[in-house]
Amino acid sequence: MSQTFGRTRWKRFAIVMVPTIAATAAVGVSIAQGALAASFSVSGQQFKVSAGKLVGQGFTQYGTVLSHDTSQATNANTAVPVAVSGFSTATINQLCQSVAFPTPFGNYTLTINAGGTYDAASDTATGPVVKASNLYIDMTDLKADTATFNDINIGVATGALGGAGTHSGDATNPGAFAQEAGSATLTGVQQTAWATSASTFSLNGLHMSLASGSTGCF
């Protein structure tokens, strides 16, 4: 990604809930071969996101490396390998995203909920829907109850990706490992990520809350 994220933890919030299929080993090999380079700096904190259901079109995934700001005083950075997942468009039901942070009064957690509710047993969603376009997520971990991919191609060269392609500014090797799918549907999603961006991000039914403690979305 070309943008640089600020150091303020509250600015680290974003939606992240796409599948991490690319093997960590593949990303590691690319780093060792010098194929990937730090593309932008991120603050020293990850955030959590959960979703009842996500349906996306134009899915792509590839590896890159972020520059993790480990010292605000010296601007020292540490490389962070991530799997980047992209969607041309996505709709999400029952979204939750949270980040815990220390304060002089103890630990607090900022939580955002949006997108109505989702019942997995009946596969029924009620209430408003969260919508995003040109969504790119830099992640390190994902869990999902179910994940269905249509027209999937595993082992595509990064430079040949269709769909959402790669995010402008990401450092990638055009011949490196990547994958794509026409569409993807995930339920019961839990994800940990460093950063995200989107052309549009509509948090319908938004509710933000701040509470003491470190309990977040999961």
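As shown above, the structure is provided for reference.
Here the residue index of a chain counts from 1 through its sequence in written order. At least 70 in pLDDT is required for a residue's local features to be given in this predicted model, at least 80 for side-chain atom pairs to be given and counted, and no such filter applies to totals for whole chains, interfaces and linings, which use all residues. The basis for every side-chain value is the complete set of heavy atoms in the structure, and neither hydrogens nor water enter the calculation.

J.: Please explain the overall build of the chain as it appears in this structure.
T.: The way it works is that DSSP assigns letters per residue, a run of H or I at least four long becomes a helix, a run of E at least two long becomes a strand, and they are numbered from the N terminus. Regarding its fold elements, the chain presents one helix and twelve strands. Along the chain, helices (α) and strands (β) appear in the sequence α-β-β-β-β-β-β-β-β-β-β-β-β when read from the amino end. Each of the 218 residues in the chain was classed as buried or not, and the buried ones make up 44%. A fraction of 82% describes how many contacts in the chain between residues 6 or more apart in sequence connect residues 24 or more apart. Only the protein chains shown count as covering a residue, and every accessible area follows the Shrake-Rupley method with a 1.4 Å probe. Counting only carbon and sulfur atoms, one obtains 51% of the accessible surface of the chain, whose full area is about 9700 Å². Think of it in three bands: with a 1.4 Å probe and only protein chains considered, a residue is buried below 20% of the maximum accessible area for its type, exposed above 50%, and partly exposed in between. Residues are treated as being in contact if the distance between any of their heavy atoms lies within 4.5 Å.

J.: I would appreciate a short explanation of the pattern of salt bridges in the present structure.
T.: A side chain of one charge can pair with a side chain of the opposite charge if their charged atoms are brought near each other. Throughout this description, the term salt bridge denotes a Lys or Arg side-chain nitrogen within 4 Å of a carboxyl oxygen of Asp or Glu. Summed over all chains, the structure comprises one salt bridge. A salt bridge links Asp-123 to Lys-53, with the nearest nitrogen and oxygen atoms 3.0 Å apart. Here the residue Asp-123 occupies a position in the loop between strand E5 (117-119) and strand E6 (124-126), and Lys-53 occupies one in strand E2 (residues 47-71), the gap between them amounting to 70 residues. According to the relative accessible area criterion, Lys-53 is buried, its value standing at 17%.

J.: Hey, could you run me through the environment of Ile-92 in this one?
T.: In this fold, Ile-92 is placed in strand E3 (residues 76-103). Sequence separation between Ile-92 and Gly-52 is 40 residues; the distance between their C-alpha atoms is 7.6 Å.

J.: I would appreciate a short explanation of the side chain of Thr-158 in the present structure.
T.: Relative to the helices and strands, Thr-158 resides in the loop between strand E9 (153-157) and strand E10 (177-197). Judged by its relative accessible area of 6%, Thr-158 is buried.

J.: Looking at this model, I keep getting lost on the nonpolar core. Mind explaining?
T.: The tendency in soluble globular proteins is for nonpolar side chains to be buried side by side. To define a nonpolar core, start from buried Ala, Val, Leu, Ile, Met, Phe, Trp, Tyr and Cys residues and group those joined through side-chain atoms within 4.5 Å. Among the nonpolar cores identified, the biggest contains 24 residues, and Phe-87, Ile-92 and Leu-95 are the most heavily contacted of them. Broken down by secondary-structure element, the contributors of at least two residues to this core are E2, E3, strand E4 (106-114), strand E7 (130-143) and E10. Per element, the largest residue contribution to this core is seven residues, and it comes from E3. Listed in part, the eleven residues of the second largest apolar core include Tyr-62, Leu-66, Val-80 and Val-82.

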